[in-house]
Each structure stands twice: as structure tokens, then as C-alpha cells.
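# Reading the structure
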Amino acid sequence: LSYCYTHYLELATAANIISMVLAIALYTASFRKGAKLAAGGDTGSPIYDFFIGRELNPRLGSFDLKVFCELRPGLIGWMLLNLGILVAQYER
């Protein structure tokens, strides 16, 4: 677990790149025909719509990307990062 502490910058960089690529892909996918838009997701301002999110519940089949990205990896990753920092501090 101390790997998380020693490679924090690399992990943060990878997380930012992955999240930006996913955000751009979901934003462009929200323009497809039949996409269910959120209440405030179609204001006409591309910057606002990008950060607020256009599509209500983006999915890949039955897999809900919004629930997955908000809950699972973020909370588990945060816990693992905290444990890694704890282990690294204990080893010193």
C-alpha cells in the first residue's frame, strides 16, 4: 500500500487524464439522438453544459457510469490512498 504514497503524482496524473477523457467522451455522446438530457444540461453554453453534464444518466448498456464514477472507484481509491499514506508513515 505504500506504493500509493510513493507514486502519488503518477496516480493523480493518470486519474486526471482518465477523468478528462471520460468527461469529453460523455459530453460528445450526449449529442446523440435519443439521449435523455438533464434539466439544466442544455443551456446553450458549451462550457456550462460540459461541467454540469448534459445527459441525465449516461449508460453503457445497463451499466450506469454516473453511479459508478461517483461512488465506487472514488471512495475505494480514497480509502486505499489514505491507507497507503498510513503505511508509509508507519514505515518511517
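Placed above this text is the structure.
What counts and how
Residues numbered from 1 in each chain as written. Predicted model: local features only at pLDDT ≥ 70, side-chain atom pairs only at ≥ 80, totals over all residues. Heavy atoms only, no water. 1 Å grid on protein atoms, 1.4 Å probe; cavity = no way out; pocket = protein on both sides within 12 Å on 5 of 7 lines; lining within 4 Å. Points joined across faces, edges and corners; volume = space filled by probe spheres on them. Helix = DSSP H or I, 4+ residues; strand = E, 2+ residues; numbered from the N terminus. Nonpolar A, V, L, I, M, F, W, Y, C, P; charged D, E, K, R; others polar. Phe/Tyr/Trp six-rings, centres within 6.5 Å; stacked < 30°, edge-to-face > 60°. Buried < 20%, exposed > 50% of the residue type's maximum accessible area, 1.4 Å probe, protein only.

### With respect to the layout of surface pockets
Space inside the largest pocket adds up to approximately 900 Å³. Lining the largest pocket are 32 residues, and of these S19, L22, A23, C69 and E70 sit closest to its centre. Counting only elements with at least two residues in the lining of the largest pocket, the list comes to α2 (8-29), α3 (46-52) and α4 (65-91). When residues of the lining of the largest pocket are assigned to their parent elements, the largest contribution, twelve residues, is made by α2. For the lining of the largest pocket, the per-class residue count stands at 22 nonpolar, five polar and five charged.

### Quick look at the packing of aromatic side chains
Taken as a whole and assessed by the stated rule, the structure comprises four aromatic pairs. Ring geometry for Y27 and F50: centres 5.6 Å apart, planes at 75°, overall edge-to-face. With Y27 in helix α2 and F50 in helix α3, the pair connects residues that are 23 residues apart, well separated along the chain. The class for F50 is partly exposed, based on a relative accessible area of 23%.

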